[in-house]
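# A structural walkthrough
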Amino acid sequence: GAPTPAVYHGSANCSQLRGMAYVCVECGAPVALIYRVYSRGNISLQRCDECGAPADRYVEYQTLLVCIDILLHRQAAYRHVLFNRLPASQQQGQRHDGWAGPLVRLLLKVAIAVLFFDTYVMWALTRSGSCDDHSH
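Residues numbered from 1 in each chain as written. Predicted model: local features only at pLDDT ≥ 70, side-chain atom pairs only at ≥ 80, totals over all residues. Heavy atoms only, no water.

### Thoughts on the pattern of salt bridges
Across all of its chains, the model carries two salt bridges by this definition. Note that R57 is salt-bridged to E26, the shortest N-O span being 1.9 Å. One end of the pair, R57, is in the loop between β4 (42–45) and α2 (63–71); the other, E26, is in the loop between β1 (22–23) and β2 (30–31), with 31 residues separating them in the sequence. For R57, a relative accessible area of 26% translates into the label partly exposed. (Salt bridge = Lys/Arg side-chain N within 4 Å of Asp/Glu carboxyl O. Helix = DSSP H or I, 4+ residues; strand = E, 2+ residues; numbered from the N terminus. Buried < 20%, exposed > 50% of the residue type's maximum accessible area, 1.4 Å probe, protein only.)

### Details of the pairing of strand β3 (residues 35–39)
Bridge analysis of β3 against β4 gives four bridges, and the strand direction is antiparallel. For Y35, the partnering residue across the bridge sits in β4 and is L45. Taking the residues between adjacent antiparallel strands as the criterion, β3 and β4 are bridged by two residues, where G41 takes a positive phi near 80°. (Pairing = 2+ DSSP bridges.)

### What about the confidence of the model for the chain?
Mean pLDDT over the chain works out to 75, with 67% of the residues at or above the 70 mark. No element of the chain has a lower mean pLDDT than helix α1 (residues 14–19), which averages 48, and none a higher one than β2, which averages 92. Scored below 50 in pLDDT, residues 1–17 shows 13 contacts in the model against residues more than four places distant or in partner chains. (pLDDT = per-residue confidence, 0-100. Contact = heavy atoms within 4.5 Å.)

### Details of unusual backbone geometry
Where the residue is not glycine, phi is negative for most of them; where a peptide bond is considered, it is trans in most cases. With phi around 60°, H73 is a residue other than glycine that occupies positive phi space. The residue H73 is located in the loop between α2 and α3 (75–91) in this model. Using a relative accessible area of 61% as the deciding quantity, one classes H73 as exposed.

### Details of the packing of aromatic side chains
Within the structure shown, the criterion is met by two aromatic pairs. Seen in terms of ring centroids, Y58 and Y61 are 4.8 Å apart; in terms of plane orientation they differ by 65°. Their pairing is edge-to-face. Taking the relative accessible area as the measure of exposure, Y58 reaches 1% and is therefore buried. Residue Y61 is classed as partly exposed on the basis of its relative accessible area of 34%. Residues Y120 and W123 carry aromatic rings whose centres are separated by 5.9 Å and whose planes lie at 35° to one another, so their mutual orientation is tilted. Remark: W123 and Y120 occur in helix α4 (residues 100–128); sequence separation between them is three residues, near one turn of the helix. (Phe/Tyr/Trp six-rings, centres within 6.5 Å; stacked < 30°, edge-to-face > 60°.)

### Some points on the side chain of D69
Along the polypeptide, D69 turns up in helix α2. Setting aside anything within four residues of it in sequence, one finds D69 in contact with Y58, Y61, R74 and A77.

### Considering the nonpolar core
V25, Y58, V66, C67, I70, A76, A77, V81, L106 and V110 together form the largest nonpolar core, which totals ten residues. Elements with a minimum of two residues in this core: α2, α3 and α4. In this view, V110 contacts C67 and L71; residues no more than four positions away in its chain are not counted. (Core = buried A, V, L, I, M, F, W, Y, C linked by side-chain atoms within 4.5 Å.)

Given below as structure tokens:
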């Protein structure tokens, strides 16, 4: 696989981070932009100055794929949702009711996906007989 990028251990203080709107999902370093729009539907992902990886590859992912990566506890997916996704929707001029609206919708989607996944696992285990009280 690809080498794992180093985690950002820079000395950025709170005032420097406040000036940066986003973080790199790979290493956590502050970045000014995660993508640049050239024309409608034509964007270019920006690279992180610290690790050289795309600052936020999840910009191009569908919400379901981001949710799957969250279920798999991928740190980059958490960084995308917590630091990059919500501020990006504010800056693109979308209707935005603060942090609560989009966060609640995303958490609801994740909860429903977990519920379906858990239900399927329990059904599969019950069907195979692994959940019987009499099995040893």
